[in-house]
Amino acid sequence: MFASNGLLFACGTILQALGVGYSPAVQAFALEVYNRRGGKGEPGKLFGAISVMQALGAQILGPALYGFVYYKTVAIFPGAIFLLSAVLMMVALGLLALVRSPTMDEEDTEGARLNDETRAPETQILITNEALVHIDDDEEPRRDDHTT
């Protein structure tokens with residue numbers, strides 16, 4: 001409808017492709033806000049709630065709403081479905097603009113660094129030149145003490 005030639009269609013497709021990173025970015029932002037607000041150790045609950053909301057909107061409410069609007073307006077105003085999309089996008093962006101990421105003061109920054117250290121302790125691996133030499137299937141492996 002809006003793409004009357006190939007160039008407009010290609011530009012629209014490119015703009016649509018730029019939106020692919022929206023969902024992972026919102027999930028990463030939600031996880032960061034969740035962790036800063038004290039939700040430690042259980043990000044599965046957060047992602048479960050996000051999945052429920054996404055499924056509810058994309059598979060239940062969304063199709064019902066769009067189907068109802070299309071059914072009621074297709075004969076009168078066929079562009080109403082696009083108007084509905086624009087309005088819902090503006091509402092979603094407006095609600096997203098109301099979300100504020102909590103700021104971290106210096107004490108919180110130090111605590112976050114210490115929490116990161118306790119959650120993922122540093123692992124040290126010692127590498128030696130000793131090699132296991134397997135002589136025969138009946139014998140146990142023995143250590144070869146000479147270096148090459």
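Residues numbered from 1 in each chain as written. Predicted model: local features only at pLDDT ≥ 70, side-chain atom pairs only at ≥ 80, totals over all residues. Heavy atoms only, no water.

### Let's talk about the overall build of the chain
Stated precisely, the cut-off is as follows: A helix here means a DSSP run of H or I that spans at least four residues, while a strand means a run of E at least two residues long, and both kinds are numbered starting from the N terminus. We call a residue buried when its accessible area falls under 20% of the maximum for its residue type, exposed when it is over 50%, and partly exposed in between, using a 1.4 Å probe and counting protein chains only. Any two residues whose heavy atoms approach within 4.5 Å at even a single point are treated as in contact. Residue burial considers only the protein chains on display, and all accessible areas are found by Shrake-Rupley using a 1.4 Å probe.
Of regular secondary structure, the chain possesses 5 helices and 2 strands. Going from the N terminus to the C terminus, the chain shows its helices and strands as α-α-α-α-α-β-β. Each of the 148 residues in the chain was classed as buried or not, and the buried ones make up 7%. Partitioning the intrachain contacts of the chain with sequence separation of at least 6 by distance along the chain shows that 25% fall at a separation of at least 24. Total accessible area on the chain is roughly 12700 Å²; 64% of this is exposed by carbon and sulfur atoms.

### Quick notes on the UniProt feature "transmembrane region" (unreviewed entry) in the chain
Heads up, the condition is: UniProt positions are given in the numbering used here, feature names are shortened, and annotations may be inferred rather than shown by experiment.
Using the residue numbers shown here, the UniProt feature "transmembrane region" (unreviewed entry) corresponds to residues 46-69 and 76-99. Secondary structure within residues 46-69 divides into 100% helix and 0% strand; the distance between the first and last C-alpha atoms comes to 32 Å. Measuring from the first to the last C-alpha atom of residues 76-99 gives 38 Å, for a span that is 75% helix and 0% strand.

### Quick notes on the confidence of the model for the chain
For clarity, the cut-off: Per-residue confidence from the predictor is reported as pLDDT, a score between 0 and 100.
Confidence along the chain averages 77 in pLDDT terms, with 66% of residues attaining 70 or more. The spread of mean pLDDT over the elements of the chain runs between helix α5 (residues 106-119), the lowest at 50, and helix α4 (residues 80-97), the highest at 92.

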